[in-house]
Amino acid sequence: MMHSVVLARRPVGNPVEADFAVNEAQLPEVPSGFFLTRNDFISLDAGFRNWMNEDSGDEVLPAMALNEPVMGLVLAEVIASRHADYAVGDKLMARFAWQTHSLSDGSDFIARLPAQLEFAPSAYMGVLGDTGMSAYFGMTDIAKPTENDCVLISGAGGAVGTIAGQIAKLYGARVVGIVGSQAKADWLCHTLGYDAAVLRSADTDLAGEIRAVCPEGVDVFFDNVGGQTLEAAISNMNHRGRMALCGAISGYGVAPYGPNNLFELVTKELSVEGFMTHFRHERYDEAREQLSTWLREGAIQSPEHRLQGIESVGKAFADLFAGENFGKTIVAL
Ligand SMILES: NC(=O)c1ccc[n+]([C@@H]2O[C@H](COP(=O)([O-])OP(=O)(O)OC[C@H]3O[C@@H](n4cnc5c(N)ncnc54)[C@H](OP(=O)(O)O)[C@@H]3O)[C@@H](O)[C@H]2O)c1
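The secondary structure content of the protein chain amounts to eight helices and 15 strands. Since a compact globule built from 333 residues should have a radius of gyration of about 20 Å, the 20 Å found for the protein chain is in line with a globular shape. Each principal axis of the C-alpha atoms in the protein chain carries an extent, and together these give about 60 × 45 × 35 Å. The 333 residues of the protein chain split such that 44% are buried. The contacts of the protein chain with a sequence gap of at least 6 include a subset with a gap of at least 24, amounting to 66%.

Shown next as structure tokens:
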């Protein structure tokens, strides 16, 4: 049988478990030109919240339909094929829906994985997958940290943030993370090598808190959150600082807050660059190779927030927005 997580209703604000339901169906026949995969892991990625609202479709994806499988990223293995380019046993990281099996004609966004996986398969969804590569491209292409820099990272305890911080440490920077709980702050500093953390909450003056922890200002800001967090970071940036914009989770599916201090980009001569990892598709091997080297050497860790079973997928997705995850959120099927 094949199980699918469907969008049972459109989330209002942050998604909750009850927005999703699990359906069961017979495994499909494989028509000519298609292949069937068994999906071993589902990666939970906050960005997919953007396509859950009605009329939210754009050039990347159409708006998700009610009672249809939810689009996501999965680690898959081909189990039947009538497609010339895909053979039984091929391992893929693919933009497939949250399902135990997927039927594809190969037109989906698919990255092939090596035939022999050196690391635990789930690592190819996290540190060696989309989020780890986002940390890699954002840090090494845009942020370019040095030992003279104070690097500030928002969403620091999440999938991207944990890897981004460890990469910045490898380049010798002082690294400070913004997180939502004291437990996560302690974990970042004691386990992942962050130098300090700033706690965010609805009633703190975030700009003031950053200033207290980064008294000499911020040279590099790696942003996963956007909105008020971005505004607070801008006001702490040093002259000619660099900002790598990876995501804006605070504005997904809700009316986003716009920073009111953008003129500081001018007065401080800041460099600001956003990036989408899938546009660097042709450099995935390079990114995976460097991240693999660091993993092999024990220079970086790959923390996971792992849940088990297709019925946990909705909760796992909601956890991202509730800040429950320490590291990459993943469901093993
Ligand atoms: N550009 C790209 O190609 C690319 C690729 C992958 C991911 N991304 C982006 O990278 C970011 C991280 O993605 P992820 O899926 O891996 O999630 P994640 O970082 O694993 O988890 C999200 C974390 O963000 C924090 N957060 C949640 N809601 C927030 C809010 N309203 N305000 C402030 N902080 C909030 C929570 O931590 P605390 O409660 O501890 O703060 C949560 O644990 C997302 O914005 C995502 O869209 C971009």
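Okay, the site of the ligand next. Every one of the 33 residues lining the ligand counts as a neighbour, but G158, A159, G180, G247 and G323 are closest to it. Within the residue set of the shell around the ligand, elements represented by two or more residues are helix 1 (130-143), helix 2 (159-170) and helix 8 (313-322). Within the shell around the ligand, the residues separate by chemical class into twelve nonpolar, 17 polar and four charged. A domain split of the shell around the ligand shows at least three residues from each of domain 1 (2-126 + 303-332) and domain 2 (130-278).

In this structure, V151, L152, A164, F222, A233 and V313 are the most contacted members of the largest nonpolar core, which totals 85 residues. Counting residues domain by domain, this core receives three or more from each of domain 1 (2-126 + 303-332) and domain 2 (130-278). Each residue touching V313, except ones within four places of it in the same chain, is listed here: V5, F20, I42, W98 and V331.

Our focus in this paragraph is the pairing of strand 4 (residues 73-81). Alignment of strand 3 (residues 35-43) against strand 4, held across eight bridges, turns out to be antiparallel. Bridge assignment links F41 to a residue of strand 4, and that residue is L75. One ladder, built from four bridges, connects strand 4 with strand 5 (residues 91-94); its direction is antiparallel. Its bridge partner lying in strand 5, E77 is registered against K91.

Pairing in this open sheet of six strands is parallel, and the strands run 10-9-8-11-12-13 from one edge to the other. Looking at strand neighbours, the two that pair on one side only are strand 10 (196-199) and strand 13 (271-274), the edges of this open sheet. Strand-to-strand, the axes of this sheet are offset by a mean angle of 20 degrees, without reference to chain direction. Pairing geometry for strand 8 (residues 150-153) and strand 9 (residues 174-179), over four bridges, is parallel. Looking across to strand 9, one finds that V151 is bridged to V175.

Moving on, we come to the domain arrangement of the protein chain. Its domain assignment divides the protein chain into domain 1 (2-126 + 303-332) and domain 2 (130-278). Listed by partner, the interface residues are 20 residues for domain 1 and 17 residues for domain 2. In the side of domain 1 that touches domain 2, the residues fall into seven nonpolar, ten polar and three charged.

What follows concerns unusual backbone geometry. At D55, a position not held by glycine, the phi torsion is positive, near 60 degrees. Along the chain, the position of D55 falls in the loop between strand 3 and strand 4.

Before going further, it helps to spend a moment on helix 1. Among the 14 residues in helix 1, eleven count as buried, and that is most of the element. Among all positions of helix 1, only D130, T131, G132, M133, S134, A135, Y136, F137, G138, M139 and A143 are buried. Directly after helix 1, the chain includes K144, whose backbone phi takes a positive value near 45 degrees.

On to the pairing of strand 3. Burial analysis of strand 3 places seven of its nine residues in the buried class, which makes it a mostly covered element. Where strand 3 and strand 6 (residues 101-104) come together, four bridges link them in antiparallel fashion. In the sheet register, L36 faces strand 6, and the bridge partner there is L103. In the sheet, strand 3 pairs with strand 15 (residues 328-332) via three bridges, with the strands oriented antiparallel.

Quick notes on the rules
Residues numbered from 1 in each chain as written. Predicted model: local features only at pLDDT ≥ 70, side-chain atom pairs only at ≥ 80, totals over all residues. Helix = DSSP H or I, 4+ residues; strand = E, 2+ residues; numbered from the N terminus. Rg over C-alpha atoms; globule rule 2.2 N^0.38 Å. Buried ≥ 20, exposed ≤ 12 C-beta atoms within 10 Å, placed from the backbone. Contact = placed C-beta atoms within 7 Å. Near = placed C-beta within 6 Å. Nonpolar A, V, L, I, M, F, W, Y, C, P; charged D, E, K, R; others polar. Domains from an automatic or database assignment. Core = buried A, V, L, I, M, F, W, Y, C linked by C-beta atoms within 7 Å. Pairing = 2+ DSSP bridges. Axes fitted to C-alpha atoms, helices over the stretch in contact; angles between N-to-C directions.

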